[in-house]
Amino acid sequence: DHVSRKSHLADKLQEFSKRLLKNYHSQTFPSILLSNIRSLKPKLDEVTALLQTIKPDFMAICESWLTDATCNEEVHVTNYDLFRNDRKSEKRGGGVCVYTSSQIRSTELQADSNSPSFLECLWNFLPQNNVIVLSIYVPPGLTTDQTRETIAYIERSADFFLAKYTDSKLIIAGDLYSLPTCDL
C-alpha cells in the first residue's frame, strides 16, 4: 500500500513535469545558482565572492538558517537584491533566501494559498525572461500526507502563477528531500 501511494505520487509529479516542460525549448533562461548553504551568515564572504565572480542572475539558497533577528543588512551583497523566507519555528535550520542581480527585475509573488507550515519557499517572477522561479526547502522525513500536501501546493500555486503570467515558464530550485523526484 505504501509502495502504491509512492508510485501514485511519482506519477502525479511526472504528469505535472510534462505539462511544465511543454515549449521550454524556445525560452531564454536566466543564469541560476542553487546552494544548500547550512547557515548563510558565517559563509557570507564565500557567497559574496561567488556572486561577484560568477555573477548569476539568480541565486537560491536553502537552509539559510536566518531568523527574524537577522537584519537584511547583515547578509547584504552589493549589486544583489535579497528575498527571504525564514523558518518560523524555534527549531534550528531551514529557511530559504534568494539573491537576484540588481541588473534584472525580480518580483516576489504571493501564492493564492498559504504554503504548508513545514515548507519554506519563495516564488519570484523575472519579467525579462518571463520565468517564475520557486525556491523551496522540503525538510526530510515528511509523512505521506505531508508529501501529498506539498505536491498539491506546488501544483496549485504553479497553475495559479502560470495562468496569471501567460507564456511564462517555471523553474523549481531547492532541496526536495522527501519528494519522489525521480521523474522530474
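Details of the structure are given in the entry above.
So, here is what we can say about the structure in this document. (Residues numbered from 1 in each chain as written. Predicted model: local features only at pLDDT ≥ 70, side-chain atom pairs only at ≥ 80, totals over all residues. Heavy atoms only, no water.)

**What about the overall build of the protein?**
Turning to step 1, where the next piece is worked out: A tally of helices and strands in the protein yields 3 helices and 8 strands.
Turning to step 2, where the next piece is worked out: N-terminal to C-terminal, the α/β element order of the protein is α-β-α-β-β-β-β-β-β-α-β.
Turning to step 3, where the next piece is worked out: A burial count over the protein gives 47% of its 184 residues as buried.
Turning to step 4, where the next piece is worked out: The contacts in the protein between residues at least 6 apart in sequence include a share of 70% that link residues at least 24 apart.
Turning to step 5, where the next piece is worked out: Accessible area of the protein: about 9700 Å², with a carbon and sulfur share of 49%. (Helix = DSSP H or I, 4+ residues; strand = E, 2+ residues; numbered from the N terminus. Buried < 20%, exposed > 50% of the residue type's maximum accessible area, 1.4 Å probe, protein only. Contact = heavy atoms within 4.5 Å. Areas by Shrake-Rupley, 256 points an atom, 1.4 Å probe, with all protein chains shown as cover.)

**Describing the pairing of strand S8 (residues 169-176)**
Turning to step 1, where the next piece is worked out: Judged by how many residues are buried, S8 sits mostly within the fold: 6 of 8 residues are covered.
Turning to step 2, where the next piece is worked out: As paired strands, strand S7 (residues 131-138) and S8 are joined by 8 bridges and run parallel to one another. Bridge assignment links Val138 to a residue of S8, and that residue is Leu176.
Turning to step 3, where the next piece is worked out: Read from S7 through helix H3 (residues 144-164) to S8, the crossover connection turns out right-handed. (Pairing = 2+ DSSP bridges. Right-handed = clockwise from strand over helix to strand, strands pointing away.)

**Examining helix H2 (residues 44-54)**
Residues separated by three or four positions in an α-helix point in the same direction, a consequence of the helix having 3.6 residues per turn.
Turning to step 1, where the next piece is worked out: When we look at burial in H2, the residues that qualify are Leu44, Val47 and Leu51. Taken end-on, H2 shows its buried residues confined to a sector of 65°, consistent with a single buried face. Away from the buried face of H2 by more than 90 degrees, exposed residues Asp45, Glu46 and Thr53 are located.
Turning to step 2, where the next piece is worked out: Buried positions along H2 lie against strand S2 (58-62), strand S3 (80-85) and strand S4 (96-101).
Turning to step 3, where the next piece is worked out: At the exit of H2 stands Lys55, carrying a positive phi of roughly 55°. (Arc of directions from axis to C-beta.)

**Section: the sheet that holds S3**
Turning to step 1, where the next piece is worked out: Taken together, the 4 strands give an open sheet; going across it, the order is S1-S2-S4-S3, and neighbouring strands pair in mixed fashion. Of all the strands in the sheet, the pair left with one neighbour each is strand S1 (32-36) and S3. Across this sheet, the average inter-strand angle for adjacent strands is 15°, counted without regard to direction.
Turning to step 2, where the next piece is worked out: Pairing geometry for S1 and S2, over 5 bridges, is parallel. From the neighbouring strand, Ile32 faces S2, where its bridge partner is Phe58. (Axes fitted to C-alpha atoms, helices over the stretch in contact; angles between N-to-C directions.)

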